[in-house]
Amino acid sequence: MTAFTFPVVTIRPALPRDKADVAEFTKFIWDGHDYVGEAFPEWLADPRGILLAAEYAGRCVGCAKVTRIAPGQWWLEGFRVDPQFQGWKIGSRLDAACNAWWDAHGDGTLRLLTSSRRVKVHHLSEERGFRKLGEALYLEAEPLDEPSDAFAAMKPEEADEAAAFCLRVAPGRLMGVGWKFAAPNPVSLREAAEARLAFWWRGRTGFLSAWADDDERGDRLTVGLEACAGGSRVELLRDFRRLASARGMVAAGWMSQADEESSRALEEAGYKRDWDDSGFLYERGRPAMTGGAAGL
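Residues numbered from 1 in each chain as written. Predicted model: local features only at pLDDT ≥ 70, side-chain atom pairs only at ≥ 80, totals over all residues. Heavy atoms only, no water.

Here we look at the packing of helix H7 (residues 233–246) against helix H8 (residues 260–268)
No. 1: Relative orientation of the contacting elements H7 and H8 amounts to 50 degrees, with a least axis distance of 8 Å. Between H7 and H8, the angle falls in the class oblique. Of the two elements, H7 crosses H8, and the hand of that crossing is right-handed. The segment H7 lies against H8, with Arg233, Val234, Leu237 and Arg238 engaging Glu261, Ser262, Ala265, Leu266 and Glu268.
No. 2: Broken down by class, the residue content of the contact of H7 with H8 amounts to four nonpolar, one polar and four charged. (Axes fitted to C-alpha atoms, helices over the stretch in contact; angles between N-to-C directions. Helix = DSSP H or I, 4+ residues; strand = E, 2+ residues; numbered from the N terminus. Parallel < 35°, antiparallel > 145°, perpendicular 65-115°, else oblique. Left-handed = near helix turned anticlockwise from the far one by under 90°. Contact = heavy atoms within 4.5 Å. Nonpolar A, V, L, I, M, F, W, Y, C, P; charged D, E, K, R; others polar.)

Following this line, the structure appears as structure tokens:
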């Protein structure tokens, strides 16, 4: 009797040939604004994390990425599954493989951001040992077309000093690095300074980092982390609106963990919520190892 075999889903490291499949099945996600297809070639070339693919019948039908932001700072991102294969638990398998790889090869802390509406992801993350850090909101304000000399560019060689300042003045706060978050650290702050996106504020009574991206309106500048040792947080946030205008941006944004104090300051400084929902931030460390760790 002839034995027939059927294709099965296989989780493996991504390959260059997967780019076309990923670009195809992500092109309608987020109303055509999904970044994963564009980021995929760069992720393939990243030597410090891992990019995983789910393969079915010779096609890539899902992907996920573990990214090292800085020493001891890791990020889970890029989870995508071809809409034709929703319900196959491919996302859960990719998530399990990413976490297993990080347990074997990572260090420090692993974090992720997911929509407040994705309850299944919340439960899955908690089952894997993640703890919820808080709720991340995105707020936005129009740039202020007014002169200001409140900010002085931070020099790359001042990264250690800036990291110590942020950890002392804003303990427990995370720094936005694009659509990722990390604890303030010299590596990320040096990179921000080299991109001209890290600043001392009003005679070093405060500090601010930022990151830039774009949407259909044009370029926007978003606060990565702000810390005030003296002066008003409201005034720092208003000065950021002036900085955004001087840089030719269409919007000044703020995305981070929200609390009562930051919400009051942002409202007074003229920022308003721009998302209908919010994001949940999760993190975990490596579990205690009692034996060998298995990786991919």
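Points about unusual backbone geometry
No. 1: The backbone of Ala57 sits at a positive phi, close to 50 degrees, despite the residue not being glycine.
No. 2: Note that Ala57 resides in the loop between strand S2 (50–56) and strand S3 (59–70).

Here's the deal with helix H1 (residues 18–26)
Counting along an α-helix, one turn takes 3.6 residues, and residues three or four places apart therefore face a common direction.
No. 1: Of the residues making up H1, those classed as buried are Asp18, Val22, Phe25 and Thr26. Down the axis of H1, the buried side of the element spans an arc of 95 degrees, and every buried residue falls inside it.
No. 2: Structurally, H1 contributes buried residues whose contacts are with strand S1 (10–13), helix H2 (36–44), S2, S3 and strand S4 (73–81). (Buried < 20%, exposed > 50% of the residue type's maximum accessible area, 1.4 Å probe, protein only. Arc of directions from axis to C-beta.)

So, to be careful, I would describe these as geometric facts and stop short of saying anything about function.
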